[in-house]
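Remarks on the overall topology
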Number of protein chains: 2
Amino acid sequence: MPRKSELNQELRDARKEQILKAALIVFARRGMVATKISDIAKEAGLSHGLVYHYFNSKEEIFSLLVKKAANSSIEIIQQANAFKGTPLEKLRWMTEQILNSFVDSEHTLLFLIMIQASTSDAIPAEVKELLTGDQSLSPVMCTLPIIAAGQEKGEIISANPVTLAVTYYAFIQGLAINKIQWPECPIPDANLLLKIFINEKGSSYHHE
Amino acid sequence: MPRKSELNQELRDARKEQILKAALIVFARRGMVATKISDIAKEAGLSHGLVYHYFNSKEEIFSLLVKKAANSSIEIIQQANAFKGTPLEKLRWMTEQILNSFVDSEHTLLFLIMIQASTSDAIPAEVKELLTGDQSLSPVMCTLPIIAAGQEKGEIISANPVTLAVTYYAFIQGLAINKIQWPECPIPDANLLLKIFINEKGSSYHHE
DNA sequence: GTCTATAAAGGGATAGAC
DNA sequence: GTCTATCCCTTTATAGAC
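Residues numbered from 1 in each chain as written. Chains lettered and ligands numbered in written order. Predicted model: local features only at pLDDT ≥ 70, side-chain atom pairs only at ≥ 80, totals over all residues. Heavy atoms only, no water.

Per an unreviewed UniProt entry, the recorded name for chain A is TetR family transcriptional regulator, and the organism is Lysinibacillus pakistanensis.

Take a look at the structure:
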């Protein structure tokens, strides 16, 4: 008996994943409100009633995806912090990870979900709070220490760190958006983005 | 009789403008599909029936705003082309205009409308065609000649011009999006963005 | 010109058959 | 577990009163 229920649980989880994957695609391209449950069902190849068998509401599905997106973005910054090297090398590593993730679409779509959740007033407050709940976990805030360390070391120009971080993430968000409009668009090299951090003359910038 | 009808026409136009202005605000913040006609009416301070007296549908209103946004973005690039100076100076002037426009909200909101129209599958094809209709009028395409001229002059690094243009507009779009999430966010100086175009050593970059 | 009342349609969510 | 039929509310759009 326990064996069988475990197996069922696995099947159940697989179905949930299947629906979440389909939902990610249509949410990212149409927006939360414009997405109908039947769009998700069609993308997943099953009936709309079955979606309700696995989830309580459209909002719950969207909410799960926002959580997933927020977690993976925090995770990458923490990995960058743990990366061995100078602050600028940490930033380069992180930038490369993010730009590479744009090649495969799942990460790009998760990025777009986060952008939607944080920019649209049509998103329920409970969902928005998943992102704004802990200000100290925002990408900008998490990146400030790295930037400050780089400035102390003289690797990074001495502009306002918040402005630098905002500009950096504007880049990243803008590229994610671009990617959905134009899937084959050229993705720049990490070093091109990092130029905003570097003094023009006699910098410690180098190619690997 | 002609006097009176002219006056009426002016009042009519003023009302239309009032509704369009209200629509811009709610469309930008909620997205086209999530915006109800009653949201627009409430923002404009009138009844929802009156909105239908001046416009045929929600789509028509959104469509007019997309046209307006597309025109003003083309216009600024043409002005940059006409600007007296080197290619890099043209780009600096254009960047300053765009960043300054982010201070006042109307331009930022128009930017967001364009981003929505080009990224969301929920936007009717007829509206999307207002932006993709003439590929040669896209911001990226219009900016390529300036970048190429700058490369020939040695002012701009010799990377793929399309990649440079894509990266530049990713920046701009990302900043517009940031502005709506965080209205008081610091807007970088034009020179910070332009660093992506410039060789690190011995560049012609200068402060004014 | 402006409003309120109402028709018509669409989509979220549920019930119940298989 | 999965699907179809249905309920019910929201929203678009129109009609008609003032």
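1. Notes on the overall build of chain A
As a reminder, the rule being used: Counting from the N terminus, the helices are the DSSP runs of H or I reaching at least four residues and the strands are the DSSP runs of E reaching at least two. Only protein chains enter the accessibility calculation, which uses a 1.4 Å probe; a residue whose area is less than 20% of its type maximum is buried, one above 50% is exposed, and one in between is partly exposed. Only heavy atoms enter the contact rule, under which two residues are in contact if any of them lie within 4.5 Å. Method for areas: the Shrake-Rupley scheme with a 1.4 Å probe, in which residue coverage is limited to the protein chains shown. Positive charges come from Lys and Arg, negative ones from Asp and Glu, while His and the chain ends are left out of the count. Note on charges: their place is set at NZ of Lys, CZ of Arg, CG of Asp or CD of Glu.
Regarding its fold elements, chain A presents 10 helices and 0 strands. Going from the N terminus to the C terminus, chain A shows its helices and strands as α-α-α-α-α-α-α-α-α-α. Dimensions of chain A, computed from C-alpha atoms along their principal axes, come out at roughly 65 × 40 × 35 Å. For chain A, the residues scored as buried account for 51% of the 208 residues in total. Of the contacts formed within chain A by residues at least 6 apart in sequence, a portion of 66% connects residues at least 24 apart. Of the roughly 10,100 Å² that chain A leaves accessible, carbon and sulfur atoms contribute 54%. Charge separation in chain A, taken as the distance between the mean sites of 21 positive and 23 negative side-chain charges, equals 5 Å.

2. Details of the UniProt feature "DNA-binding region" (unreviewed entry) in chain A
Rule in force here: UniProt positions are given in the numbering used here, feature names are shortened, and annotations may be inferred rather than shown by experiment.
Sequence positions flagged by UniProt for "DNA-binding region" (unreviewed entry) are, in local numbering, residues 36–55 of chain A. In residues 36–55 of chain A, helix accounts for 75% and strand for 0%; the two terminal C-alpha atoms are 14 Å from one another.

3. Looking at the protein's contact with DNA strand C
Where we set the bar: In these notes, residues near a molecule or strand are those with any non-hydrogen atom within 4 Å of it. Here a polar contact means two N or O atoms within 3.5 Å. Within protein one must be a hydrogen donor candidate and the other an acceptor candidate, and residues neighboring in sequence count only if both atoms are side-chain atoms. Charged residues are taken to be Asp, Glu, Lys and Arg, nonpolar residues to be Ala, Val, Leu, Ile, Met, Phe, Trp, Tyr, Cys and Pro, and polar residues to be all remaining types, Gly included.
As a matter of local geometry, DNA strand C sits amid 16 residues, with His48 and Tyr52 of chain A together with Arg15, Ser47 and Tyr54 of chain B nearest to it. In the model, a base nitrogen of DNA strand C is placed 2.9 Å from a nitrogen or oxygen of the His48 of chain A side chain. Here Tyr52 of chain A contributes a side-chain N or O atom positioned 2.9 Å from a phosphate oxygen of DNA strand C. Breaking the surface near DNA strand C down by element, the ones donating at least two residues are α3 (48–54) of chain A together with α1 (2–30) and α3 (48–54) of chain B. Here the surface near DNA strand C gets 5 residues from one element, more than from any other, and that element is α3 of chain B. The residue makeup of the surface near DNA strand C, split by class, is 5 nonpolar, 7 polar and 4 charged.

4. Considering the environment of Glu155 of chain A
Residue and element names in this part refer to chain A. By the element assignment, Glu155 lies in the loop between α8 (139–153) and α9 (161–181). Spatially, the C-alpha atoms of Glu155 and Phe197 are 8.0 Å apart, while their sequence positions differ by 42 residues. Side chain to side chain, Glu155 and Thr86 meet in a polar contact 2.6 Å long.

5. Side note on the interface of chain B and chain A
This is how the line gets drawn: Reported buried area values correspond to the accessible surface (1.4 Å probe) lost by two parts on association, with both partners' losses combined. What makes a salt bridge here is a side-chain nitrogen of Lys or Arg within 4 Å of a carboxyl oxygen of Asp or Glu, nothing more.
Facing 41 residues of chain B, the contacting portion of chain A comprises 40 residues. Together chain B and chain A conceal approximately 3,500 Å² of surface at their shared face, both sides included; 66% is due to carbon and sulfur atoms. For the chain B face of the interface with chain A, the top three residues by lost area are Leu192, Lys195 and Glu200 of chain B, together amounting to 17%. Our count for the contact surface shared by chain B and chain A stands at 2 salt bridges. Residue Arg29 of chain B pairs with Asp121 of chain A through a salt bridge whose shortest N-O separation is 3.4 Å. Linking chain B with chain A are 6 residue pairs in polar contact (both at pLDDT 80 or more), by the criterion used here. Listing elements by their share of the side of chain B that touches chain A, those giving two or more residues are α1, α6 (105–119), α9 (161–181) and α10 (190–194) of chain B. Classifying every residue of the side of chain B that touches chain A gives 23 nonpolar, 12 polar and 6 charged.

6. What about the packing of helix α4 (residues 58–82) of chain A against α8 of chain A?
All names here are of chain A. Where we set the bar: The convention used is that axes are lines fitted to C-alpha atoms, helices contributing only their stretch in contact, and that angles between N-to-C directions extend from 0 to 180 degrees. For classification, angles of less than 35 degrees are called roughly parallel, those exceeding 145 degrees roughly antiparallel, those between 65 and 115 degrees roughly perpendicular, and all remaining angles oblique.
Contact pair α4 / α8: the axes reach a minimum separation of 10 Å and the direction vectors enclose 5 degrees. Classified by the angle their axes make, α4 and α8 are roughly parallel. Counting all contacts with α4, which are made through Ser73, Ile77 and Asn81, the residues of α8 involved are Pro139, Cys142, Thr143 and Ile146. The class makeup of the residues in the contact of α4 with α8 is 4 nonpolar, 3 polar and no charged.

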